[in-house]
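Here is what each chain is made of, one letter per residue.
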Amino acid sequence: MKVPLLDLTAQYEAIKDDVLQVLHEVCQEQRFILGPRVSALEAELARYCNTADAVGVSSGTDALLISLMAAEIGPGDLVATTPYTFFATAGVIHRTGAKPVFADIDPDTYNLSPARLARAVDRIPKADQRRLKAVLPVHLYGQCAEMDPILDIARGENLTVIEDAAQAIGAEYKGRRAGSMGDFGCFSFFPSKNLGAFGDGGCVTVPSAAEAHRLRVLRVHGSEPKYHHLLIGGNFRLDALQAAVVSIKLKHLDRWTEKRRENADRYRRYFASAKLDDRIGLPAEKQDRHIYNQFVIRVKEKRDGLKAFLAESGIGTEIYYPVPLHLQPCFSHLDYRKGDFPESEAAAQETLALPIFPELTDAQAAYVVEKIEAFFQNKL
Ligand SMILES: *Cc1c(COP(=O)(O)O)cnc(C)c1O
């Protein structure tokens, strides 16, 4: 049996007629950049995320970058974040001229630990404390970070809060949607995210019309009116074809999310009867609505052997992420060392993402757990 990590073809079949119709319409309109389809999607996204507004941008990475630019983060500034995330989270901090300050994760959720964040902030030398301008928590795998204590720390230090919600559209924390808790909520429409475009795309949610306006100006090179520049922005525009596709998919998102959550429950049942407790850790559901962009298990020993065995059995898996950011060669100038963030380093050794896409069948989920069981029975 084949179980790919992600299969988008079944999803496409279900929405094909609507998608082809709207793509045809955009082609006839010949209006490709921003415009009414992008504005319409922005209103839908703001409603979905329960924010004052949303601004469509060119990618999740650019959503983060434009938010840092809107917050006027730049050379000499510090931004606190997690080292256990997709590269873009810290890459954008460096690109503004600022420096990432890492704090370790909570080993249960893989999200930024509020206690470690507080300690990392305290450890910044007195003379540099004023340089800390923002905190960038990530809602990893589709579960919100523990936001209340993070927001408390941010308030105490007067920090801008930028949520990296690229993996977490529709996730909730104490009834609040991802992207609605900080000053900026950054989303990605990369095809493998729960709400994926047919290419690159993203958006930033904001709590005020003034911030939305600033983002819309930065999105077009800081131009307002046209060819007059008070700010230096970039080309961060979303195009009409992507907006049209995302808008169609958004109508189905809650149903797809429920399917992902049901698949997670199903895995939990199969793992419970497989009695692999001493080998496998299942994802902790700490917050209200985990949207399972990834279903990530912890494999205490022989993770890489298991991954290879599953690949031989036709099962796609992935390691998110094999090298924590403080150990990436490009960040060696930050002077972090192995051992600085033991929870992130352990996670990098032990995590494995299993297929969880909405159309995964019961037989496929059963097969995945059966093969994991077989690996530990035969190979150890
Ligand atoms: C996908 C992702 C991004 C970047 O989004 P792109 O649209 O690929 O640029 C940023 N942060 C996290 C946590 C992501 O998963």
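This structure is a prediction, so every number in the text was calculated from the model and none was measured.

### Details of the sheet that holds strand E12 (residues 351-354)
An order of E10-E11-E12 is seen for the 3 strands of this open sheet, with the pairing classed as antiparallel. In the strand order of this sheet, the two ends are held by strand E10 (280-281) and E12, each with one partner. Inspection of the sheet shows strand E11 (residues 295-299) paired to E12 by 4 bridges, in the antiparallel sense. For arginine 298, the partnering residue across the bridge sits in E12 and is threonine 351. Relative to the sheet, helix H9 (residues 253-274) contacts E10, E11 and E12, its axis offset from that of E11 by approximately 25°.

### Section: the site of the ligand
Neighbouring residues of the ligand: 14 residues in total, closest Thr61, Asp164, Gln167, Ser188 and Lys193. Within the side chain of aspartate 164, a nitrogen or oxygen atom sits 2.8 Å from a nitrogen atom of the ligand. Note that an oxygen atom of the ligand is positioned 2.8 Å from one of the side-chain N or O atoms of glutamine 167. Relative to its free-state accessible area of 380 Å², the ligand is covered by the protein chains to the extent of 93%. Every element with two or more residues in the shell around the ligand is listed here: helix H3 (60-70) and helix H4 (88-95).

### A closer look at empty space enclosed by the protein
Gaps left between atoms show up when a probe the size of a water molecule is rolled over them. Under the counting rule described, the total for this entry stands at 3 cavities of 30 Å³ or more. The calculated volume of the largest cavity comes to roughly 80 Å³. Taken together, 13 residues line the largest cavity, and the ones lying closest to its centre are Tyr110, Tyr141, Gln143, Pro283 and His290. Of the residues assigned to the lining of the largest cavity, the class counts are 8 nonpolar, 4 polar and 1 charged.

### Topic: unusual backbone geometry
A cis amide bond, omega -10°, links glutamate 224 with the succeeding residue proline 225. Structurally, proline 225 can be placed in the loop between helix H7 (209-219) and helix H8 (240-250). Between tyrosine 320 and the following residue, tyrosine 321, the backbone shows a cis peptide bond with an omega angle of 15°. At tyrosine 292, a position not held by glycine, the phi torsion is positive, near 50°.

### As for the nonpolar core
In terms of nonpolar packing, the biggest core is built from 46 residues, with Leu45, Leu117, Val135, Met147, Ile169, Phe189 and Leu195 touching the most fellow members. Of all the secondary-structure elements, those providing two or more residues to this core are helix H2 (36-49), strand E2 (78-81), helix H5 (114-123), strand E4 (132-136), helix H6 (147-157) and H8. Of the residues forming this core, the biggest block, 6 residues, is contributed by H2. When residues no more than four places from it in sequence are discounted, the contact partners of methionine 147 are Pro137, His139, Val161, Glu163, Tyr173 and Met181.

### Focus on H6
Every buried residue belonging to H6 is among Met147, Ile150, Leu151, Ile153 and Ala154, and all of these are buried. Looking straight down H6, one finds its buried side chains confined to an arc of 160°; they lie on one side. Exposed and facing more than 90 degrees away from the buried side of H6 are Arg155 and Gly156. Two residues or fewer after H6 comes asparagine 158, characterised by a positive phi angle close to 60°.

### A closer look at the pairing of E2
Side chains Leu78 and Ala80 project from E2 onto one buried face, and the interleaved Val79 and Thr81 project onto a second face that is buried too. The pairing of E2 with strand E3 (residues 99-102) spans 4 bridges and is classified as parallel. Bridge assignment links valine 79 to a residue of E3, and that residue is proline 100. Between the parallel elements E2 and E3, the chain passes through H4 in a crossover that is right-handed. Both E2 and E4 contribute to a ladder of 4 bridges, which runs parallel. Directly across from leucine 78, in E4, lies its bridge partner leucine 132.

### What to know about the layout of surface pockets
Each pocket or cavity is described by its volume, and for the largest pocket that value is around 480 Å³. Lining the largest pocket are 30 residues, and of these Phe86, Gln167, Phe190, Ser192 and Lys193 sit closest to its centre. Going through the elements one at a time, H3 and H4 are the ones with two or more residues in the lining of the largest pocket. Per-element accounting of the lining of the largest pocket gives the leading share, 3 residues, to H3. Split into classes, the residues belonging to the lining of the largest pocket amount to 15 nonpolar, 11 polar and 4 charged. No fewer than three residues from each of domain 1 (8-250) and domain 2 (253-377) sit in the lining of the largest pocket.

### Comments concerning the pairing of strand E1 (residues 53-57)
Taking burial as the measure, the 5 residues of E1 include 5 buried ones, the bulk of the element. Residues of E1 alternate between two faces, with Asp53, Val55 and Val57 on one and Ala54 and Gly56 on the opposite face, all of them buried. Pairing of E1 with strand E9 (residues 202-206), which is carried by 5 bridges, proceeds in the antiparallel orientation. Its bridge partner lying in E9, aspartate 53 is registered against valine 206.

### A word on the sheet that holds E3
Taken together, the 7 strands give an open sheet; going across it, the order is E1-E9-E8-E5-E4-E2-E3, and neighbouring strands pair in mixed fashion. Two strands lie at the open edges of the sheet, namely E1 and E3, each paired on one side alone. The mean angle between the axes of side-by-side strands here comes to 25°, regardless of whether they run parallel or antiparallel. Bridge analysis of strand E8 (residues 184-188) against E9 gives 4 bridges, and the strand direction is antiparallel. Across the sheet, the residue bridging to cysteine 186 is valine 204, located in E9. Helix-sheet contacts for H2 involve E1, E8 and E9, and the interaxial angle to E1 is about 130°.

About the thresholds
- Residues numbered from 1 in each chain as written.
- Predicted model: local features only at pLDDT ≥ 70, side-chain atom pairs only at ≥ 80, totals over all residues.
- Heavy atoms only, no water.
- Pairing = 2+ DSSP bridges.
- Helix = DSSP H or I, 4+ residues; strand = E, 2+ residues; numbered from the N terminus.
- Contact = heavy atoms within 4.5 Å.
- Axes fitted to C-alpha atoms, helices over the stretch in contact; angles between N-to-C directions.
- Near = heavy atom within 4 Å.
- Polar contact = N/O pair within 3.5 Å; in protein donor to acceptor, adjacent residues only side chain to side chain.
- Areas by Shrake-Rupley, 256 points an atom, 1.4 Å probe, with all protein chains shown as cover.
- 1 Å grid on protein atoms, 1.4 Å probe; cavity = no way out; pocket = protein on both sides within 12 Å on 5 of 7 lines; lining within 4 Å.
- Points joined across faces, edges and corners; volume = space filled by probe spheres on them.
- Nonpolar A, V, L, I, M, F, W, Y, C, P; charged D, E, K, R; others polar.
- Core = buried A, V, L, I, M, F, W, Y, C linked by side-chain atoms within 4.5 Å.
- Buried < 20%, exposed > 50% of the residue type's maximum accessible area, 1.4 Å probe, protein only.
- Arc of directions from axis to C-beta.
- Right-handed = clockwise from strand over helix to strand, strands pointing away.
- Domains from an automatic or database assignment.

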